[in-house]
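A closer look at the structure
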Amino acid sequence: MKASANARFAIKVWDEKPYREISGQPKLTKATVTKTYSGDLEGDGQVEYLMVYRADGKATFVGMEQVTGTLGGKAGSFVLQRTGVFEDGQAKESYSIIPGSATGALQGLTGEGTASVGHGMEHPFVLSYDLP
């Protein structure tokens, strides 16, 4: 039976740098982001994003985030795979737990979610999950 975690995350650090910029081509950047979670998920996250900024102002991104803390009262860590686009002032993404990445009391954790958030430092986070 799937459970649902409702939490919020605050961005503590956003360190983004271009790694490839060629005139007339999309800009490629890498961002190291540190987050804290509160609510049904309590803990910290560290994500590495790779992004492509297009001439039309839209961006596409992928990321891997390791989250360490407690979920449903159980302690451990897991890795989220994040994919999405930034357009019209909104980051629209989907995320899923990498199978086999959970540790501690979260071993066996699976789950996924979607989000659409604007600029700012604090955002809602919802995770639909199974924990054996």
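Residues numbered from 1 in each chain as written. Predicted model: local features only at pLDDT ≥ 70, side-chain atom pairs only at ≥ 80, totals over all residues. Heavy atoms only, no water.

Things to note about the overall build of the chain
Broken down by element type, the chain carries zero helices and eight strands. Overall, the chain shows an N-to-C arrangement of helices and strands of β-β-β-β-β-β-β-β. A compact globule built from 132 residues should have a C-alpha radius of gyration of about 14 Å, and the chain, at 15 Å, falls within 12% of that. Considering only C-alpha atoms, the chain reaches an extent of 50 × 25 × 25 Å along its principal axes. When contacts within the chain are restricted to residue pairs at least 6 apart in sequence, long-range pairs at least 24 apart make up 47% of them. Taking the average place of the 13 positive charges on the side chains of the chain and the average place of its 15 negative ones, the gap between the two points comes to 3 Å. (Helix = DSSP H or I, 4+ residues; strand = E, 2+ residues; numbered from the N terminus. Rg over C-alpha atoms; globule rule 2.2 N^0.38 Å. Contact = heavy atoms within 4.5 Å. Lys, Arg positive; Asp, Glu negative; His and termini not counted. Charge placed at Lys NZ, Arg CZ, Asp CG, Glu CD.)

Focus on a nonpolar patch on the surface
On the surface, a cluster of nonpolar side chains totalling about 280 Å² of accessible area is made up of Y19, L50 and V62. Within the secondary structure, Y19 sits in strand β1 (residues 3-20). (Patch = residues over 30% accessible without salt bridge, like charges linked within 9 Å, V, L, I, M, F, W, Y side chains within 5 Å. Areas by Shrake-Rupley, 256 points an atom, 1.4 Å probe, with all protein chains shown as cover. Salt bridge = Lys/Arg side-chain N within 4 Å of Asp/Glu carboxyl O.)

Considerations on the packing of aromatic side chains
Within a pair of aromatic rings, the relevant descriptors are the distance that separates the centres and the angle that separates the planes. Applying the stated rule across the entire model yields five aromatic pairs. Judged by centre distance (5.8 Å) and plane angle (50 degrees), the rings of F9 and Y37 are tilted. Residue F9 is located in strand β1, and its partner Y37 is located in strand β2 (residues 27-39); the two are separated by 28 residues in the primary sequence. Residue F9 is classed as buried on the basis of its relative accessible area of 6%. Linked through ring pairs, F9, Y37, Y95 and F125 together constitute an aromatic cluster. One cation-aromatic arrangement involves K35 over F9; the distance from NZ or CZ to the ring centre is 4.4 Å. (Phe/Tyr/Trp six-rings, centres within 6.5 Å; stacked < 30°, edge-to-face > 60°. Buried < 20%, exposed > 50% of the residue type's maximum accessible area, 1.4 Å probe, protein only. Lys NZ or Arg CZ within 6 Å of the ring centre and 35° of its normal.)

Focus: the pairing of strand β4 (residues 59-71)
Taken together, the 13 bridges between strand β3 (residues 41-53) and β4 define a ladder with antiparallel strand orientation. Within the sheet, the bridge partner assigned to L41 lies in β4 and is L71. Counting the residues that bridge the hairpin from β3 to β4 gives five residues, and of these G57 lies at a positive phi of roughly 90 degrees. (Pairing = 2+ DSSP bridges.)

Side note on the sheet that holds strand β8 (residues 122-130)
What the eight strands build is a closed barrel, ordered β1-β2-β3-β4-β5-β6-β7-β8; its pairing is antiparallel. For this sheet the average axis-to-axis angle between neighbouring strands, irrespective of direction, equals 25 degrees. Direction of pairing for strand β6 (residues 90-97) relative to strand β7 (residues 110-117): antiparallel, over a ladder of six bridges. Paired with S96 across the bridge in β7 is E112. (Axes fitted to C-alpha atoms, helices over the stretch in contact; angles between N-to-C directions.)

Things to note about the nonpolar core
In terms of nonpolar packing, the biggest core is built from 27 residues, with L41, L71, F78, L109, F125 and L127 touching the most fellow members. Elements with a minimum of two residues in this core: β1, β2, β3, β4, β5 (74-87), β6, β7 and β8. Residues contacting L41, with those up to four places away along its chain left out, are A7, V67, T70, L71, F78 and F125. (Core = buried A, V, L, I, M, F, W, Y, C linked by side-chain atoms within 4.5 Å.)

A word on the pattern of salt bridges
Scanning the entire structure with this criterion turns up eleven salt bridges. Between K58 and E87 there is a salt bridge; the shortest N-O distance is 3.8 Å. Taken together, the positions of K58 in the loop between β3 and β4 and E87 in strand β5 put the pair 29 residues apart, joining distant regions of the chain. The exposure class of K58 is partly exposed, given its relative accessible area of 29%. Residue E87 is classed as partly exposed on the basis of its relative accessible area of 21%.

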